[in-house]
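# Examining the three-dimensional arrangement
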Amino acid sequence: MNALSTLVFTNELPPAKKLGEELLLIYDQILAQKSPVFKKWSQSIALKYAVKAGEHLKDIEKFPGHIKAITKLTEQTSVKKLTVVVVGGGSVGDFGGFVASVLKRGVRLIHIPSTWLAAIDSAHGGKTALNVGGAKNQIGTFHPADQILMVRSVLMAQPEARAFEGFGELVKIALIQGGKLWADLAKEKQVNSKVLWKHLQAAVQAKYKVVAKDPHEKKGIRHVLNLGHTVGHVLESYYELPHGIAINYGLDFALRFSVQMKIMKPAELNRIYNEPVMGFLLSPLRDDLISVKSSDLNEYRRLLLNDKKKTKAATLRFVFVAKPGKTVIKEVSVDDLLIELCRQREEELHG
Ligand SMILES: NC(=O)c1ccc[n+]([C@@H]2O[C@H](COP(=O)([O-])OP(=O)(O)OC[C@H]3O[C@@H](n4cnc5c(N)ncnc54)[C@H](O)[C@@H]3O)[C@@H](O)[C@H]2O)c1
Ligand SMILES: [Zn+2]
C-alpha cells in the first residue's frame, strides 16, 4: 500500500462530486455549527455521519455503536465506489481513518483536516487509532488517505488561540528537518494562523520525507517523529493539557536534556532559544503549570511506562537533538528521565 497521499492545498472546499463517486462524510459536528460554508457544502453529500470530537470518540467501547450506524448508512453503496471523507481534527481523523480501513474490508479515504494539529501532523502518515481502557492509541491500522486536502478557509475558521496547539508540531518537524524550514520558521516574530499556513506545505513535506523511509514503522526511522512526545505525553495526561501545548513543554525538555547528555553543545541551545520564534514555545504560566513535586514522580513513572514507546522494562528510546536537522535516538532509563525532570525544575527555580 502506498503510504504517501496526494496533497492538495486549496483556498476553498472543492465541489463534493470531485471527491469520488459515492461519498460518506464523517465530520466533526462543531463544523456545522461554526462554519456556514462547511454546512452548505456538506448538504451536497447525501451520506453523512456527525461525531463529537475528543478522546471518547476513539474509545473502543463506543465503536460497535458507531460502526453499526455507519454500516446501515452505507448498506446500499458498493465497496468499489465508496470514499470516506473525513473532516475534523486528529481525533476525528484517527476514528474516521480506522472506520475507512475496516468498513467493507477497507475503502478509499480522503482527509480534510480542520485543526492545525491535524493539518501539520495527524492527517499524514496513514496511522489510525482507537483507545482501549482509557489508554491512548492501543489499536489501529495503517490506512493512508488517497488524498489530503488542506483547505485554507476551513483551517482559518479556527479560533486564533488554537494556532498554539499546532505550533509545537511545527517546531518539532522543523527541528528534525533543519535546513530552510527551520531557518524560515526560526525568524518568525508571531505565531498565528497566517504563519502556520505559510509553513504548512514545507512542514508536511518534511514529515513525508521521514514517513516514506519507513511507511509501516518497521525500521524505527519514524521514531524520530516522537521528538518531544515522551515527556509531552506524560504532561498531557497528568495536567490534562491539549496535546499540542504539552508537546511544546516536551520539546523544551528534550532540548535541555540533549545538552545535559552532551549531545548538543550549550552554545547551540542558546542559538536555538535566541531565535524569535522560540519565545512562543513556553507559556508565561509555566511555573504554575509544570511544578514537579516528588509526589508526582510515581505517577510520572507509571505514565512513562504506559507509553507504548517503551522498549525494555524500564528504558525508553528518547529522541535527542544535536542541532536543527540532526537528531540522535538513545535508550535512557526511566529513572534517568525522572532525575532530569527534577534537575531541570531545580535549574528553573535557582538558575
Ligand atoms: N494519527 C496520527 O498520526 C496522530 C498524530 C498526532 C495526534 N493524533 C491524535 O490527534 C488527536 C488530537 O488532535 P486535535 O487536537 O486536532 O483533536 P480534536 O479532533 O479533538 O480537535 C480538537 C478540538 O477542536 C475542535 N475543532 C476541530 N476543528 C475545528 C475548527 N475548524 N474550528 C473550531 N474548532 C474546531 C474539535 O471539536 C475539538 O474540540 C489525538 O487523539 C491524538 O492522539 C494522531
Ligand atoms: Zn504530536
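Sequence order as written defines residue numbering, which begins from 1 separately in each chain. For naming, the first written chain is A and the first written ligand is 1, with later ones following in the order written. Confidence filtering applies because this is a predicted model: local features only for residues at pLDDT of at least 70, side-chain atom pairs given and counted only at 80 or more, and all residues used for totals across whole chains, interfaces and linings. Side-chain descriptors were evaluated using all non-hydrogen atoms of the structure, hydrogens and water having been removed beforehand.

Working definition: with a 1.4 Å probe on protein chains only, accessible area under 20% of the residue-type maximum means buried, over 50% means exposed, and in between means partly exposed. Starting at the N terminus, helices and strands are each numbered in turn, a helix being any DSSP run of H or I of at least four residues and a strand any DSSP run of E of at least two. The buried fraction of strand β5 (residues 108-113) is high, at five of six residues. Whether two strands pair depends on DSSP finding at least two bridges between them. Here strand β4 (residues 82-88) runs beside β5; their pairing, made up of six bridges, is parallel. What sits directly across from V84, in β5, is L109. Following the chain from β4 across helix α4 (residues 90-102) to the adjacent parallel β5, one finds a crossover that is right-handed. Pairing geometry for β5 and strand β8 (residues 147-151), over two bridges, is parallel. If you follow I110 over to β8, its bridge partner there is Q147. Handedness rule for crossovers: strands pointing away from the viewer, path from the first strand over the helix to the second running clockwise, crossover right-handed.

To continue, consider the domain arrangement of the protein chain. An automatic or database domain assignment supplies the residue ranges for each domain. Domain annotation for the protein chain reports domain 1 (6-158) and domain 2 (161-350). Domain 1 and domain 2 are separated by 28 Å when their C-alpha centres are compared. Domain 1 puts 22 residues into the contact, and the matching count from domain 2 is 26 residues. The term buried area refers to how much accessible surface (probe radius 1.4 Å) is lost by two components on association, counted for both of them together. For the pair domain 1 and domain 2, the two sides together bury roughly 2200 Å², of which 68% comes from carbon and sulfur. Whenever a carboxyl oxygen of Asp or Glu lies within 4 Å of a side-chain nitrogen of Lys or Arg, that contact is scored as a salt bridge. Remark: the boundary between domain 1 and domain 2 carries four salt bridges. Across the salt bridge formed by K136 and E236, the nearest N and O atoms sit 3.4 Å from each other. Whenever a nitrogen or oxygen atom comes within 3.5 Å of another N or O atom, the pair is scored as a polar contact, on the condition that within protein one atom can donate a hydrogen and the other can accept it, and that pairs from neighbouring residues in sequence are kept only if both atoms are in side chains. Counting across the domain 1 and domain 2 interface gives six residue pairs in polar contact (both at pLDDT 80 or more). By definition, residues are in contact when any of their heavy atoms lie within 4.5 Å.

Tetrahedral metal sites with four donors have an ideal angle of 109.5 degrees; octahedral sites with six donors have ideal angles of 90 or 180 degrees. Coordinating donors are taken to be N, O and S atoms lying within 2.8 Å of the metal, or within 3.2 Å when the metal is Na, K or Ca; because water is excluded from the atom set, some sites may appear incomplete. The protein atoms that coordinate the zinc ion (ligand 2) are E169 (OE), H229 (NE2) and H243 (NE2), at distances spanning 2.0 to 2.1 Å. Positions of the donor residues of the zinc ion (ligand 2), expressed as sequence spacing, correspond to E-x59-H-x13-H. Here E169, found in helix α7 (residues 163-177), pairs with H243, found in helix α11 (residues 243-260); they are 74 residues apart in sequence, far enough to count as distant.

Attention shifts here to unusual backbone geometry. In this structure, R105 takes a positive phi of about 65° despite not being glycine. Here R105 is to be found in the loop between α4 and β5. On the basis of relative accessibility, which here comes to 81%, the residue R105 falls in the exposed class.

The strand order β1-β8-β5-β4-β2-β3 describes an open sheet built from six strands, whose pairing is parallel. The outermost strands of the open sheet, each flanked by one partner alone, are β1 (6-10) and β3 (47-51). Averaged over all adjacent pairs, the angle separating strand axes in this sheet is 15°, with direction ignored. The strands touched by helix α3 (residues 63-73) within the sheet are β2 (22-28) and β3, with β3 carrying the most contacts at an inclination of about 165°. Axes here mean lines fitted to C-alpha atoms, for a helix over just the part in contact, with angles spanning 0 to 180 degrees between N-to-C directions. Running at roughly 175° to β1, helix α9 (residues 193-213) makes contact with β1 and β8 of the sheet.

Here a helix's expected span is defined as the number of its residues, less one, multiplied by 1.5 Å. The end-to-end C-alpha distance of α11 is 25 Å, a good match for the 26 Å that 18 residues give at a rise of 1.5 Å each. The buried fraction of α11 is high, at 16 of 18 residues. At the C-terminal side of α11, K262 shows a positive phi close to 60°.

Because each turn of an α-helix spans 3.6 residues, side chains separated by three or four positions end up pointing in the same direction. The set of residues buried in α3 consists of F63, H66, I67 and I70. Looking down the long axis of α3, one finds its buried residues gathered within 90° of arc, a one-sided arrangement. Turned more than 90 degrees from where α3 packs its buried face, K68 and K72 sit exposed. The directions from the helix axis to the C-beta atoms are what the arc is built from.

Mapped onto the fold, K48 is located in strand β3. Using a relative accessible area of 29% as the deciding quantity, one classes K48 as partly exposed. Each C-alpha atom, one on K48 and one on L282, is 39 Å from the other, the two residues being 234 residues apart in sequence. Filtering out sequence-adjacent residues up to four positions away, K48 remains in contact with L24, L25, Y27, S42, Q43 and L73. A polar atom in the side chain of K48 sits 3.1 Å from the backbone oxygen of S42. A polar atom in the side chain of K48 sits 2.7 Å from the backbone oxygen of I45.

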